[in-house]
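A closer look at the structure
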Amino acid sequence: MRKSTSELANLISRSLITASTKSFPTRTWTPQLEQTLHQLVRRDSLNSSLVARVIDPFLLNHHSLAYGFFNWASQQPGFSHSSISYQSLFKSLSISRQFNDLDKVFSYVKLKNIKLDPCVYGSIMHSYIVSKKTQKAFLIFKEMGCGIGVEVCNLLLAALASDGNLRDARKVFDEMFVRGVEFSILGVGVFLWRFCRNGELSEVLRMLDEVRKIGSCSGFNGSVLAVLVVHGLCLECRVEEAVYVLDELRGRDCKPDFMAYRIVAETVKKVTGDVVEVEKVLKKKRKFGVAPRGKDYKEFIFALISERMICEAKDLGEIIVSGNFPVEEDVLNALIGSVSSIDPCSAIYFMNFMLEKQWLPAILTMSNLSRSLCKHGKIEELLEVFEVLSAKEYFVDSETYNLKVSFLCKAGRVREAYQVFQEMKKKGLSPDVSLYNSLMEACCREDLIRPAKRLWDEMFANGCEGNLKTYNILIGKFSKIGQAEEAHRIFHKMQDKGVKPDTTTYLSLLEGLCEEKEIKTALEVFIESINQDATLAWNVLNSFVLFLCKEGYFSDACELLRGRYNDVKHANSHAMMLKCMADSGELALAIEHMKWVSNNSPSVLHAVVAELLASLSSSTKPDLLRQIIQSG
């Protein structure tokens, strides 16, 4: 009985995901997956609807599989993609943030003049905006106009303004007004926030009138807009205009709240020092102002963060915090975590304000802040943050201690990390395997091999079983420092414990064994990889051949490839080895191998020659490589 499109899509996606677990890295497209598809998909059942159903929803979070399946379908006789299959691929690439691939596919769509549904263009524009390719999104807007949707139009307006491209932002604004597209607080808010810094105030007010004529989306808040307008003016010290606009805004249903009046009063005080004028502004605040509602600013800040307008979120957060205005705990967590990526010191400012409120930051928030401090090299600031949090009794359980130890390790502060580790144990908390891994990895990075071994022994003595990462840390380190025998012993111990080696394990160990001239042992280890998983061994093969060639064991490399790897799919391994031979002057052995390939597999010879010809320009000895090619 023939399966329905839905059933077939489910079967195909499950088969691809299962088969891809054996690739390296996992969930990536490999030629073997094409064989899986040929067994599952009949030519007459393949259509763009099926492709779309496979990708969306099943492969949305597996962009490599989605892209590979899409390309495989493209190559099948008589098949052509439609808007629906392109839409599913764009969705997967966008979710996985594979913006370069998305750009490549869309360039092909434009080249071939393939027409897509307006909603697809909208999603592509959104991806361009999020990936900071705003000008590409604007080019689509110029072609498609406002038909791409209200939300995307407003997002483009905000993004262009955020980038400082007010000329194109104004074009979007005017087009939206002409077409009667509703404005959101995100779109017109960020636009006017930027525009009023240098634009004419009369023009700002005229655009506000246009917004009122069209109407606005739900969630539009006039008080938030008022804060943005006066803040933009005050940033440029346009004091008189800032004072004047408060009444104008109130008359346009954008009633300034206490935040707006405070911004103006503080700027007047700073710029003019006119106490009388400051008091006038404060009197208006008491008479006309309203208390700011944290919920309104919360929604706006979350919108800014979700669209990666972090600078704007930071600026608004600082306005709120500097005036000690209402703000919710989750907003501060979001600000700390996001702002840390561009300005860790501002993130610390938000954290300190949070602590003053007697709130403690979430684990994820502290993880993001700590990671950013390490990334920006602000190690002393990281230590100060941990000290402040310790005083607030933040580190009380395994999860929080794990965070502290792991980031001290990342910062290269192994001694401090070890002290925290001991402090944790004194409190009766049992370290887990990830904490031991962090410390051992840090010790290995600093060449503290004995402490790493002690941690290894202690871990097992305490009944904490090592995982794959534990073994890979030690095998990798011992292989690097010329102790491949010890690495090999740990390799067997992990197998005894039922922990399966992965590609990283085999590559580390094989490289170390080859460097120490333990070729027989290396070949035995490689055979173990074959017995464990043929696909895993294939992923290791190229590197193993390189390790052998690097140490001059060309005959062993030849013998290895003349075994079970004499077919077309391994032609690149043969070509790589022959190129190494040419670079090392091993002409006679290379010619002998080419003749062997020619006698045993003409199809492999053809593929090898093609790869060698392609690598001529990068060869250090192209003349020798040409002789090898001609010998086949």
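Residues numbered from 1 in each chain as written. Predicted model: local features only at pLDDT ≥ 70, side-chain atom pairs only at ≥ 80, totals over all residues. Heavy atoms only, no water.

Here we take up the nonpolar core. Within the largest apolar cluster, 222 residues are counted, with the highest numbers of intra-cluster contacts made by Phe90, Leu316 and Phe526. Excluding residues within four positions of it along the chain, Phe526 makes contact with Leu510, Ala537, Val540, Leu541, Phe544, Leu560 and Tyr565. (Core = buried A, V, L, I, M, F, W, Y, C linked by side-chain atoms within 4.5 Å. Buried < 20%, exposed > 50% of the residue type's maximum accessible area, 1.4 Å probe, protein only. Contact = heavy atoms within 4.5 Å.)

Our focus in this paragraph is the layout of surface pockets. What the largest pocket holds in volume is close to 370 Å³. Lining the largest pocket are 13 residues, with His231, Cys234, Leu235, Ile263 and Thr267 positioned closest to its centre. For the lining of the largest pocket, the secondary structure elements donating two or more residues are α13 (222-235), α15 (258-271) and α18 (310-322). No other element matches α15, which puts five residues into the lining of the largest pocket. When grouped by side-chain class, the residues that make up the lining of the largest pocket number five nonpolar, three polar and five charged. (1 Å grid on protein atoms, 1.4 Å probe; cavity = no way out; pocket = protein on both sides within 12 Å on 5 of 7 lines; lining within 4 Å. Points joined across faces, edges and corners; volume = space filled by probe spheres on them. Helix = DSSP H or I, 4+ residues; strand = E, 2+ residues; numbered from the N terminus. Nonpolar A, V, L, I, M, F, W, Y, C, P; charged D, E, K, R; others polar.)

Let's shift gears to the UniProt feature "repeat: PPR" (unreviewed entry) in the protein chain. UniProt feature "repeat: PPR" (unreviewed entry): in the numbering of this structure it lies at residues 149-183, 397-431, 432-466 and 467-501. Secondary structure across residues 149-183 divides into 77% helix and 0% strand, with the first and last C-alpha atoms of the span separated by 12 Å. Overall, residues 467-501 shows 74% helix and 0% strand. The separation of its end C-alpha atoms is 10 Å. (UniProt positions renumbered as here; feature names shortened; annotations may be inferred.)

Bringing the packing of aromatic side chains into the picture now. Following the criterion strictly, the structure yields 20 aromatic pairs and no others. Arranged with centres 5.7 Å apart and planes meeting at 80 degrees, the rings of Phe386 and Phe395 form a pair that is edge-to-face. Pairing Phe395 with Tyr401 gives two aromatic rings, centres 6.3 Å apart and planes at 45 degrees, and the pair type is tilted. Aromatic rings pair up to connect Phe70, Tyr86, Phe90, Phe106, Tyr121 and Tyr128 into one cluster. The ring of Phe407 carries the charged tip of Lys410 above its face, separated from the ring centre by 5.2 Å. (Phe/Tyr/Trp six-rings, centres within 6.5 Å; stacked < 30°, edge-to-face > 60°. Lys NZ or Arg CZ within 6 Å of the ring centre and 35° of its normal.)

Okay, the environment of Ile628 next. On the secondary structure map, Ile628 appears in helix α36 (residues 622-631). The class for Ile628 is buried, based on a relative accessible area of 0%. On a C-alpha basis, the gap between Ile628 and His593 in space is 9.2 Å, while along the polypeptide they are 35 residues apart. If we ignore the near neighbours within four places in the chain, the residues touching Ile628 are Leu578, Ala582, Leu587, Ala590, Met594 and Leu612.

Within the secondary structure, Ile473 sits in helix α27 (residues 468-480). Residues Ile473 and Asn437, spaced 36 residues apart in sequence, show a C-alpha to C-alpha distance of 7.7 Å. When near neighbours in sequence (up to four residues on either side) are disregarded, Ile473 contacts Asn437, Met440, Glu441 and Cys444.

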